[in-house]
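As a plain string of letters, each chain reads:
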Number of protein chains: 2
Amino acid sequence: MVEKLALVGIGKIARDQHLPAIAANPDWELAATVSRNASVEGIENFTTIEAMLAARPDISTVSLAIPPQPRFAYAQAALAAGKNVMLEKPPGQSLAEVHALEELAREKGVSIYATWHSREADCVPDSKAWLADKTIKRLAITWKEDVRRWHPGQDWVFEPGGLGVFDPGINALSIMTEILPWPVHVASAVLEFPENRDTPIAADIVFTNPDGAEMTATFDWRQEGPQTWDIDIETDGGRLKLSSGGATLEIDGQTVKKGSDHEYANLYKRMASLIQSGKSDVDLSPMVHVSDAFTLGKRKTVDAFHF
Amino acid sequence: MVEKLALVGIGKIARDQHLPAIAANPDWELAATVSRNASVEGIENFTTIEAMLAARPDISTVSLAIPPQPRFAYAQAALAAGKNVMLEKPPGQSLAEVHALEELAREKGVSIYATWHSREADCVPDSKAWLADKTIKRLAITWKEDVRRWHPGQDWVFEPGGLGVFDPGINALSIMTEILPWPVHVASAVLEFPENRDTPIAADIVFTNPDGAEMTATFDWRQEGPQTWDIDIETDGGRLKLSSGGATLEIDGQTVKKGSDHEYANLYKRMASLIQSGKSDVDLSPMVHVSDAFTLGKRKTVDAFHF
């Protein structure tokens, strides 16, 4: 059965990723968009979600590609109307609001999917399988990108609830929580807040884990030039390097796989299968680590940041 | 059966609350203490938990009355040795570490209890029952106390992981999450950080809830003179005021109950019953609200604080 979908939020991520993934998947029909000031040619556009929900009872599913701050209100409206809901990462601006959405979806008997697109990167399953029988000695995440390139002029990323550098950083944490054989927790963190912003532009985190491995993550949003999205892991059975955000896998310095980009294609495939089986998928572990880093991190004030 | 208990951390809260509650309960025998520099007369004292665990296999239960920062390591050691564990609030310095402890307790087949002493205040069950058939219009938490009086010289409360003013504030949130008929989430927050400290000394929080009630919390640790631990709730069926941290209940301006203090007595009673029934009790909802406030709160720098 083809599911009719409304895509809410027609910004950069919608055009770069959501629209091509939906168009390529025969399980989905893009039936409407919701956006205050953008639209997709040939598709009915609504400026409010209420208008869309009232006008289009034929739509089964709402995908939210808007910033995290307003996402709860949209998701709540869609779930209350009996729609299945797909959430861009991070799934909300607070943990409690996502718990509330999960509960509402259960009551309404619909599917909710808190997506983590980086977990769908090509070499993530290979890494998980390779690590399963190894003892990890050291893990280092280096996630350094240029916020001006990836979020041009998007002030919401620095507003409260926008997570700052954890917006990309949470992608690394979504991979880490997927591939590690045991749970970890934040032991300490240092967060660098620009003096004119409410969220950090850089962060250094140390994790604790049951195996005693040394584990760190460094996030920085001020990196110009080449961009770095690497996870390096040293084990008793060799060295694994997952780079390009999970798309390239090296073992002991040799590239063993260079995948292509199927992240959003996989998310929409999985959403269709969750609906078919009447299930939901809400794993908050990447966001718990972010919350923990905010709760126990030391704060450092750094230079003002302007787009 | 009498359970033999080791109390870890012989500081102010241990002497004020834990020791009298244990002494008054025939289900418990205080068998040992663990403290680097304090002891209880007539009881064997150890300076490390490892020494106690090695020397006293007869002890079934470990109660941790130490600051949250080192608590994970102690709890992990006790659980790994097959002991039941009771945690002072907050149960840890991160959410993920408490999830890990819960998992370890499950593997080991022992009980873990994340206590919230304020939930045991005398008028909390009455408030919950009274609210059950009302519609809440407004809720205001006012929690203002003098950190110098309650935590004299205890720098750990201002260190990362010590939660700052959320250390008392989480008591209010533990009551709120117990008495409200529906879940809420933090919509916005402003946190005041002293310029020389890593955690806030004051906080203002706004909550969102499914009923559309106006809900706020104000925490302040700079209050000299009379101390305020009040929850005011306006409903369609009258006004409830829970004061003195849950010990006094007023309805429409009339005092209907002035309870006595059984908080820690109740905690030790409940711990004994959890062990007997082979259960655990770990409700993280008060701490989720604190984490959410840290994650999406605006930060304001205020005057330095010195004890």
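Numbers given for residues are sequential positions, taken from 1 along each chain in its written order. Written order decides the labels, with chains lettered from A and ligands numbered from 1. Confidence filtering applies because this is a predicted model: local features only for residues at pLDDT of at least 70, side-chain atom pairs given and counted only at 80 or more, and all residues used for totals across whole chains, interfaces and linings. Working from all heavy atoms in the structure, the side-chain values ignore hydrogens and water.

Within an unreviewed UniProt entry, the label attached to chain A reads Putative dehydrogenase, and the organism entered is Hoeflea phototrophica.

A. Geometry of the UniProt feature "domain: Gfo/Idh/MocA-like oxidoreductase N-terminal" (unreviewed entry) in chain A. UniProt positions are given in the numbering used here, feature names are shortened, and annotations may be inferred rather than shown by experiment. When the UniProt feature table is mapped to this numbering, "domain: Gfo/Idh/MocA-like oxidoreductase N-terminal" (unreviewed entry) covers residues 5-112 of chain A. Its end C-alpha atoms 14 Å apart, residues 5-112 of chain A is made of 43% helix and 21% strand. For helices the rule is a DSSP run of H or I covering at least 4 residues; for strands it is a run of E covering at least 2, with both sets numbered from the N terminus onward.

B. A look at the relation of the copies chain A and chain B. Mapping chain A onto chain B calls for a screw motion: a turn of 180° about the axis and a shift of 0.0 Å along it, with 0.0 Å RMSD after fitting. Seen this way, the second copy is the image of the first under a two-fold rotation axis. Any pair of residues with heavy atoms lying within 4.5 Å of one another is described as a contacting pair. The residues that chain A uses at the interface reappear at the interface of chain B in 100% of cases, marking a shared surface. Only residues with pLDDT of at least 70 in both copies count here: their C-alpha atoms drive the least-squares fit that superposes the copies.

C. Main features of the confidence of the model for chain A. pLDDT is a per-residue confidence score from the predictor, ranging from 0 to 100. For chain A, per-residue confidence averages 96 on the pLDDT scale, and residues scoring 70 or more make up 100% of the total. The ipTM value of the predicted complex is 0.94, and its pTM value is 0.95.

D. Examining the interface of chain A and chain B more closely. In this assembly, 25 residues from chain A lie in contact with 25 residues from chain B. Accessible-area loss on putting two parts together, using a 1.4 Å probe and summing over both, is the definition of buried area adopted here. Summing both partners gives a buried area of about 2,300 Å² for chain A against chain B, and 60% of it is carried by carbon and sulfur. Area buried by chain A at its contact with chain B is led by His185(A), Thr295(A) and Arg299(A), which between them contribute 25% of it. Any Lys or Arg side-chain nitrogen located within 4 Å of an Asp or Glu carboxyl oxygen qualifies as a salt bridge. Along the contact surface separating chain A from chain B lie 2 salt bridges. Where Asp198(A) meets Lys298(B), a salt bridge forms, and the shortest distance between an N and an O atom there is 2.9 Å. Under this definition, polar contacts are N or O atom pairs within 3.5 Å; protein pairs additionally need one hydrogen-donor-capable and one acceptor-capable atom, and for neighbouring residues in sequence, both atoms have to be side-chain atoms. Applying the counting rule to chain A against chain B returns 10 residue pairs in polar contact (both at pLDDT 80 or more).

E. Broad picture of unusual backbone geometry. Between Lys89(A) and Pro90(A) the backbone carries a cis peptide bond, its omega angle lying at -15°. Take Pro90(A): it is sitting in the loop between β5 (84-87) and α4 (95-108). In this structure, Leu163(A) takes a positive phi of about 75° despite not being glycine. Structurally, Leu163(A) is set in the loop between α6 (147-150) and α7 (166-179). For the exposure calls, accessible area comes from a 1.4 Å probe over protein chains only, and a residue counts as buried if that area is under 20% of its type's maximum, exposed if over 50%, partly exposed in between. Looking at Leu163(A), the relative accessible area reads 1%, which means it is buried. Backbone geometry at Asp252(B) places phi at a positive 50°, although glycine is not the residue there.

F. Summary view of the domain arrangement of chain A. Residue and element names in this part refer to chain A. Annotation of chain A at the domain level lists domain 1 (3-114) and domain 2 (122-259 + 291-302). Counting residues at the interface gives 8 residues for domain 1, matched by 15 residues for domain 2. Here domain 1 meets domain 2 over a buried area of about 800 Å², counting both sides, of which 59% is carbon and sulfur. Three residues, Lys 12, Gln 69 and Lys 89, lead the burial of domain 1 against domain 2; their summed loss comes to 53% of the area buried on that side. Counting the contacts that link domain 1 with domain 2 gives 1 salt bridge. For Lys 89, the salt bridge goes to Asp 167, with nearest N and O atoms at 3.6 Å. Linking domain 1 to domain 2 there are 4 residue pairs in polar contact (both at pLDDT 80 or more). All amino acids are sorted into three groups, where Ala, Val, Leu, Ile, Met, Phe, Trp, Tyr, Cys and Pro are nonpolar, Asp, Glu, Lys and Arg are charged, and the leftover types, Gly among them, are polar. Grouping the constituent residues of the side of domain 1 that touches domain 2 by class yields 4 nonpolar, 2 polar and 2 charged. Reported domain spans reflect what an automatic or database domain assignment gives.

G. Spatial organisation of the pattern of salt bridges. In this structure the tally under the stated criterion is 42 salt bridges over all chains. In this structure, Arg56(A) engages Asp58(A) in a salt bridge whose closest nitrogen and oxygen atoms are separated by 2.9 Å. Residue Arg56(A) is classed as buried on the basis of its relative accessible area of 15%. Accessibility expressed as a relative area gives 35% for Asp58(A), which makes it partly exposed. In this structure, the salt-bridge partner of Arg138(B) is Glu234(B), at a minimum N-O distance of 3.2 Å. Here Glu234(B) lies in strand β11 (residues 228-235) and Arg138(B) lies in strand β7 (residues 136-144), a separation of 96 residues in the sequence. Take Arg138(B): its relative accessible area is 36%, and that puts it in the partly exposed class.

H. Quick peek at the sheet that holds strand β2 (residues 28-34) of chain B. Residue and element names in this part refer to chain B. Paired strands are those between which DSSP finds at least two bridges. If you trace the 6 strands from one edge of the open sheet to the other, you get β3-β2-β1-β4-β5-β6, paired in parallel fashion. Either end of the sheet is taken by a strand with one partner, and the two such strands are β3 (44-46) and β6 (112-114). For this sheet, the mean angle separating the axes of adjacent strands, direction not counted, is 25°. For strand β4 (residues 61-64) and strand β5 (residues 84-87), the ladder comprises 4 bridges, and the chain directions are parallel. Within β5, the residue paired with Leu 64 across the bridge is Leu 87. Contacts between helix α8 (residues 263-277) and the sheet are confined to β1 (3-8), β2, β4, β5 and β6, with β5 contributing the most and set at about 155° to the helix. Lines are fitted to the C-alpha atoms to define the axes, a helix being fitted only along its stretch in contact, and any angle between axes, read from their N-to-C directions, falls within 0 to 180 degrees.

I. Seen up close, the packing of α7(A) against helix α9 (residues 285-296) of chain A. Residues and elements named next belong to chain A. Remark: α7 packs on α9, axes separated minimally by 8 Å, with the N-to-C direction vectors making an angle of 125°. Taken together, the axes of α7 and α9 are oblique relative to one another. The handedness of the crossing between α7 and α9 comes out as right-handed. Listed contacts from α9 to Phe 166, Ile 170, Leu 173, Ser 174, Met 176 and Thr 177 of α7 are Ser 285, Pro 286, Met 287, His 289, Val 290, Ala 293 and Phe 294. Classifying every residue of the contact of α7 with α9 gives 9 nonpolar, 4 polar and no charged. Each angle is binned into one of four classes, with values under 35 degrees roughly parallel, values over 145 roughly antiparallel, values of 65 to 115 roughly perpendicular, and all other values oblique. Crossing handedness: left-handed means the near helix sits turned counterclockwise from the far one by under a right angle, and right-handed means the same turn made clockwise.

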